[in-house]
Amino acid sequence: CMEELNRRLNNYYIQTQEFYNKCVQDLRSVLTDVLQLHMEVPQLLYEEILEKYVTEVSQKTSSIKHQFDQNRAKIASQRETNKVQLKPILGHPNREIDLNNLCRKEEDRAMESGDVLSEYYNELTNTERSIAQAFIESNNHCTERLLNLFD
């Protein structure tokens, strides 16, 4: 049962990594398209803006990933602790309360594992969305200022 949960958690982790990579590729694609549409505007300015926001995305997502890895390690440690506590003696009728407590601990750990994964996904998505929106706003502001300067 624990191996199945571990396999599922690793599968979800791999899926979130693939989603993250696809989002970064999509963001880069959109950013490239926006830059190509504004070829008349000085290229160096847009490259600086792009670099700033790509760096920001990279820093924030690595921070989120680091926190997720810490939480995942904590959950793995809890799983190992529960695994060590699971002994044949818990099958004895006098130890039924201990076995039930251990089962509840493992169920709580499994729920926390799902919550951590969901939180990671939501935080990653929200961060990328907010940075992309800030990039677009910054890009628009820069274009407006340049157009006013050239008028």
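This text goes with the structure placed above it.
Residues numbered from 1 in each chain as written. Predicted model: local features only at pLDDT ≥ 70, side-chain atom pairs only at ≥ 80, totals over all residues. Heavy atoms only, no water.

A.B. asks: Looking at this structure, how should I read the packing of aromatic side chains?
C.D. replies: The way to describe two aromatic rings as a pair is by their centre distance and the angle between their planes. Tallied over the entire structure, the rule returns four aromatic pairs. Here Phe-19 and Tyr-121 contribute two aromatic rings whose centre-to-centre distance is 5.1 Å and whose plane-to-plane angle is 50°, an arrangement assigned as tilted. With Phe-19 in helix α1 (residues 2-37) and Tyr-121 in helix α3 (residues 96-150), this pair connects stretches of sequence that are 102 residues apart. Overall, Tyr-121 belongs to the partly exposed group, its relative accessible area being 36%. Ring centres of Phe-68 and Tyr-120 lie 4.2 Å apart, and the angle between their planes is 25°; this geometry places the pair in the stacked category. (Phe/Tyr/Trp six-rings, centres within 6.5 Å; stacked < 30°, edge-to-face > 60°. Helix = DSSP H or I, 4+ residues; strand = E, 2+ residues; numbered from the N terminus. Buried < 20%, exposed > 50% of the residue type's maximum accessible area, 1.4 Å probe, protein only.)

A.B. asks: What is the right way to read the pattern of salt bridges from this model?
C.D. replies: Here the idea is simple: oppositely charged side chains can pair when their charged atoms come close. For the structure shown, the criterion picks out six salt bridges. For Lys-65, the salt bridge identified is with Asp-69, shortest N-O distance 3.0 Å. Within this pair, Lys-65 and its partner Asp-69 are both found in helix α2 (residues 43-85), separated by four residues, close to a single helical turn. Here Arg-109 and Glu-106 are joined by a salt bridge, their closest N and O atoms 2.5 Å apart. Residue Arg-109 and its partner Glu-106 are located together in helix α3, separated by three residues, close to a single helical turn. Of the two residues examined, Arg-109 and Glu-106, each falls in the buried class. (Salt bridge = Lys/Arg side-chain N within 4 Å of Asp/Glu carboxyl O.)

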